[in-house]
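Residues per chain are reported as follows:
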Amino acid sequence: TPFSIIFLVISGFSNFALVLFLFHLFTRYLTALVVKVKYLKEKGGLGYFCLLPITDLIIFFIWCWGLFKNKITWRGNTFYLVRGGKLVKDGSASL
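A look at the side chain of Ser4
Here is step 1: Summarising the element assignment, Ser4 is placed in helix 1 (residues 2–10).
Here is step 2: Not counting the four nearest positions on each side in its chain, Ser4 is found in contact with Phe21 and His24.

Structural notes on the sheet that holds strand 2 (residues 77–82)
Here is step 1: Taking strand neighbours across the sheet as the criterion, the three strands line up as 1-2-3 in an open arrangement whose pairing is antiparallel. The sheet terminates laterally at strand 1 (71–74) and strand 3 (86–89), the two strands that pair on one side only. Strand-to-strand twist of the sheet, defined as the mean angle between neighbouring strand axes without regard to direction, takes the value 35°.
Here is step 2: As judged from the four bridges shared by strand 2 and strand 3, these two strands associate in the antiparallel manner. The residue of strand 3 that forms the bridge with Phe79 is Lys89.

What about the pattern of salt bridges?
Here is step 1: On inspection of all chains with the given rule, the structure shows one salt bridge.
Here is step 2: As a salt-bridge pair, Arg28 and Asp56 come within 2.8 Å of each other at their nearest N and O atoms. Note that Arg28 is positioned in helix 2 (residues 15–39) and Asp56 in helix 3 (residues 52–66), a separation of 28 residues in sequence.
Here is step 3: Look at Asp56 and you get buried, because its relative accessible area is 13%.

Describing a nonpolar patch on the surface
Here is step 1: A cluster of nonpolar side chains, namely Phe23, Phe26, Leu30, Leu33, Val34, Val35, Val37, Tyr39, Leu40 and Leu46, defines an oily patch on the protein surface of about 950 Å² accessible area.
Here is step 2: Inspection of the secondary structure puts Tyr39 in helix 2.

Details of the environment of Gly44
Here is step 1: With respect to the helices and strands, the residue Gly44 is situated in the loop between helix 2 and helix 3.
Here is step 2: Taking the relative accessible area as the measure of exposure, Gly44 reaches 68% and is therefore exposed.

Quick word on the side chain of Lys36
Here is step 1: When you line up the elements, Lys36 lands in helix 2.
Here is step 2: Buried Lys36, no salt bridge; nearest opposite-charge side chain is Glu42, N-O distance 4.3 Å.

A word on helix 1
Here is step 1: Restricting attention to buried positions, one finds in helix 1 the residues Pro2, Ser4 and Leu8. Buried residues of helix 1, seen end-on, are gathered within an arc of 165° and therefore sit on one face of the element. Facing away from the buried side of helix 1 by more than 90 degrees, the exposed set consists of Phe3 and Ile10.
Here is step 2: On its buried face, helix 1 sits against helix 2 and helix 3.
Here is step 3: With its phi angle positive at about 75°, Gly12 sits one or two positions after the end of helix 1.

Definitions and limits used
Residues numbered from 1 in each chain as written. Predicted model: local features only at pLDDT ≥ 70, side-chain atom pairs only at ≥ 80, totals over all residues. Heavy atoms only, no water. Helix = DSSP H or I, 4+ residues; strand = E, 2+ residues; numbered from the N terminus. Contact = heavy atoms within 4.5 Å. Pairing = 2+ DSSP bridges. Axes fitted to C-alpha atoms, helices over the stretch in contact; angles between N-to-C directions. Salt bridge = Lys/Arg side-chain N within 4 Å of Asp/Glu carboxyl O. Buried < 20%, exposed > 50% of the residue type's maximum accessible area, 1.4 Å probe, protein only. Patch = residues over 30% accessible without salt bridge, like charges linked within 9 Å, V, L, I, M, F, W, Y side chains within 5 Å. Areas by Shrake-Rupley, 256 points an atom, 1.4 Å probe, with all protein chains shown as cover. Lys, Arg positive; Asp, Glu negative; His and termini not counted. Arc of directions from axis to C-beta.

This is how it looks when you write it as structure tokens:
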């Protein structure tokens, strides 16, 4: 969703960008509906489907924020990402 919004704005809200954006939203909602009904076995209304673009934007910003950090906390343990792509547990000598 963030990239389709960026493309929509950069293109000056052209017809092509608008069609692409609407197609993206359609496929995003359809995918969410299939996952909800087929895999999660949830029946019932659409619930919070109107919030999908907002959650997509929030998740995108969290992902971008993670590009600039090297600290990971997982299940109460702290790890650091060091050169070479290795994860080192907090307190290790090889920081």
